[in-house]
Amino acid sequence: MGTTTEPEVRIATGRVRGRTEGGVAVFRGIPFAEPPRFGAPGPAGAWDGVRDCVAFGPPPPQQSTLASAVAGRSGDSWLTVNVWSPSLGAAARLPVMVWIYGGAYRGGESGESVYDGAVLAREGNAVVVTLNYRVGMEGFAHVEGAPANRGLLDQVAALEWVQDNVAAFGGDPGRVTVFGESAGAGCIAALMAMPRAAGLFGRAIAQSVPGTYFSAPLASDIAAVLAAELGLPPDAGALAAAEPGRLVAAAEAVTARMRLHEDRWGAVAHTVTPFSPVVDGDVLPRDPWSALADGAGREVELIVGHTRDEYRLFARTGRMEGRELLGVFAPGREQAYRDAFPSAGPELLDELVQSDWLFRMPSLRLADAQAGGGGRVHAYELTWDSPALGGACHGLDVPLVFGNLGSGMGTFFLGESAPPEAAAVSAAFRRAWTGFAAGEGPGWQPYTPEGRLTRLFDVEPAVVPYPEEASRRIWASHPFGELPLVT
């Protein structure tokens, strides 16, 4: 079955036909659920005959700067999965790796070239699954009459689809690893804290976890502003009646003016998105740090880490503000930053505090919480510099993990011709991630709050005590948790 050029597989909803590409069977655009507007995902419909699954499904509604990449893929069948398998059939029982993309909870889609799973599947002898989930207002706006965190519910539905169907593609449903970056890592941290996701995966890799989880009052206030931009009430019925593109346009307009709401939204008003998972008490009962510290994820083995220069990406792409932000993101800690980094000027201090507040310290604290709750966790930091942007910036790890150095995102970070060092760091990531998914461990010792051993991904790899000790000390007493509405 694995050698035919048009492999076919039977799943719960019907037969699917894919393609063999480079020795890997690929199936694209398989529906895993139906997304009613502002509702929980429902079951995917069955079909007769054989469904041709050779093209990615349409992306969820979002502002796209990659119009050519999604041309011809319109429609509202947003919830689809894609599968890469080196060996089809239930006898193979290969480890399964399920990717959850980032994009600030307002963008992203599994059809982007950097997320092609062929290299990981072939080299790691694993089944790789990517999926679409709803983003922006459709996925995360907290409004009356709609379940909270619909984007997270989409991910749960996809993981349930994996449990029911991945064996037919050669995967072992008892060996599922979720992995994701940025908003995708934030989703994974949330999934680890969600009762309805329990048992759907046994391992998780969270790359650059954002520290933004909204309280219900904050999320409701933001949703009211988003709906007012449309002249509508923050109500599921009213918003579902609006054309999806109007919601995207309204959200982008509000995003551009978020700083005007600093008096109520606090530091969130200085980020690049008005969306994040909501601690609603039901879908997401608690913030991930407190949930994991109490053992919610102890059955899940975790890798968590970040890049050294997270916010360098936004500095290089013009997304940083011109005002000093130490007091916004670290009130009361301004002098501590100046003392800890005496040679840093205002711009570097702003970059450091935003790296720490948004990604580095939330990721480190997730490791602490998982270890404290009795779970096994491994920590890492990417310290190799992007040849195109400089610094080990946010997102650089994504093309390295997938091995797609010549993809759109790959050339953005690595240049048109990636240097040999990029291939070496990429290979190290793939060995660690696929070894972990196979149950062999990532290749370095677990993290503990006492030793804080951290794997550095660079041309010369190393395992050292957590390297960002100055930042860790500054934030040691800060309680990361759900973000409040400022009153």
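Okay, so let's go over this structure.

**Digging into the packing of aromatic side chains**
Part 1 of the argument: In total, this model carries 23 aromatic pairs according to the counting rule given.
Part 2 of the argument: Note on tryptophan 475 and phenylalanine 480: the rings are 5.9 Å apart at their centroids and 35 degrees apart in plane angle, and the pair reads as tilted. Accessibility assignment for this pair places tryptophan 475 and phenylalanine 480 in one class, buried.
Part 3 of the argument: Counting every residue linked through ring pairs, the aromatic cluster contains Tyr380, Phe429, Trp433, Trp444 and Phe457.
Part 4 of the argument: When the ring centre of tryptophan 475 is taken as origin, the NZ or CZ atom of arginine 333, which lies over that ring, is 5.0 Å away.
Part 5 of the argument: The aromatic ring of phenylalanine 457 is capped on one face by arginine 455, whose charged end is 4.3 Å from the ring centroid.

**Describing the pattern of salt bridges**
Part 1 of the argument: Enumeration over the complete set of coordinates arrives at 26 salt bridges.
Part 2 of the argument: Ionic pairing is found between arginine 28 and glutamate 21, a salt bridge with its closest N-O pair at 3.0 Å.
Part 3 of the argument: Put simply, Glu6, Glu8, Arg15, Arg17, Arg19 and Asp52 are held in one network by salt bridges that share partners.

**Brief notes about the sheet that holds strand S2 (residues 14–17)**
Part 1 of the argument: Taken in spatial order, the three strands line up as S1-S2-S7 in an open sheet, and their pairing is mixed. Each edge of the open sheet is held by one strand with a lone partner, namely strand S1 (8–11) and strand S7 (50–52). Adjacent strand axes in the sheet meet at a mean angle of 30 degrees, parallel and antiparallel pairs treated alike.
Part 2 of the argument: As paired strands, S1 and S2 are joined by four bridges and run antiparallel to one another. Residue pairing for S2: glutamate 8 is matched across the bridge by arginine 17.

**Concerning the sheet that holds strand S9 (residues 94–100)**
Part 1 of the argument: If you walk across this open sheet you meet the 11 strands as S3-S4-S8-S10-S9-S11-S12-S15-S16-S17-S18, and the pairing is mixed. A strand with exactly one partner marks an edge of an open sheet, and here the two such strands are strand S3 (19–21) and strand S18 (462–465). Going from strand to strand, the sheet's axes swing by 25 degrees on average, the running direction of each strand aside.
Part 2 of the argument: Taken together, the four bridges between S9 and strand S10 (residues 127–131) define a ladder with parallel strand orientation. Counted as the bridge partner of methionine 97 is valine 128 from S10.
Part 3 of the argument: Along the sheet, helix H3 (residues 150–165) makes contact with strand S4 (24–31), strand S8 (80–85), S9, S10 and strand S11 (171–181), crossing S11 at roughly 150 degrees.
Part 4 of the argument: In this fold helix H4 (residues 183–193) packs onto S9, S11, strand S12 (203–207) and strand S15 (301–307), with an angle of close to 130 degrees to the strand it touches most, S11.

**What about the nonpolar core?**
Part 1 of the argument: Within the largest apolar cluster, 164 residues are counted, with the highest numbers of intra-cluster contacts made by Ile30, Met137, Phe169, Phe201, Tyr337, Trp433 and Phe457.
Part 2 of the argument: Here this core gets 11 residues from one element, more than from any other, and that element is helix H13 (residues 346–372).
Part 3 of the argument: For phenylalanine 201, the contacting residues outside a window of four places in its chain are Leu159, Val176, Val178, Leu191, Met192 and Val300.

**What to know about the pairing of strand S16 (residues 377–382)**
Part 1 of the argument: A large share of S16 lies buried, amounting to six of its six residues.
Part 2 of the argument: Side chains Val377, Ala379 and Glu381 of S16 all project onto a buried face; the interleaved residues His378, Tyr380 and Leu382 project onto the opposite face, where all are buried too.
Part 3 of the argument: For S15 and S16, the ladder comprises six bridges, and the chain directions are parallel. Directly across from glycine 305, in S16, lies its bridge partner tyrosine 380.

What counts as what
- Residues numbered from 1 in each chain as written.
- Predicted model: local features only at pLDDT ≥ 70, side-chain atom pairs only at ≥ 80, totals over all residues.
- Heavy atoms only, no water.
- Phe/Tyr/Trp six-rings, centres within 6.5 Å; stacked < 30°, edge-to-face > 60°.
- Buried < 20%, exposed > 50% of the residue type's maximum accessible area, 1.4 Å probe, protein only.
- Lys NZ or Arg CZ within 6 Å of the ring centre and 35° of its normal.
- Salt bridge = Lys/Arg side-chain N within 4 Å of Asp/Glu carboxyl O.
- Pairing = 2+ DSSP bridges.
- Helix = DSSP H or I, 4+ residues; strand = E, 2+ residues; numbered from the N terminus.
- Axes fitted to C-alpha atoms, helices over the stretch in contact; angles between N-to-C directions.
- Contact = heavy atoms within 4.5 Å.
- Core = buried A, V, L, I, M, F, W, Y, C linked by side-chain atoms within 4.5 Å.

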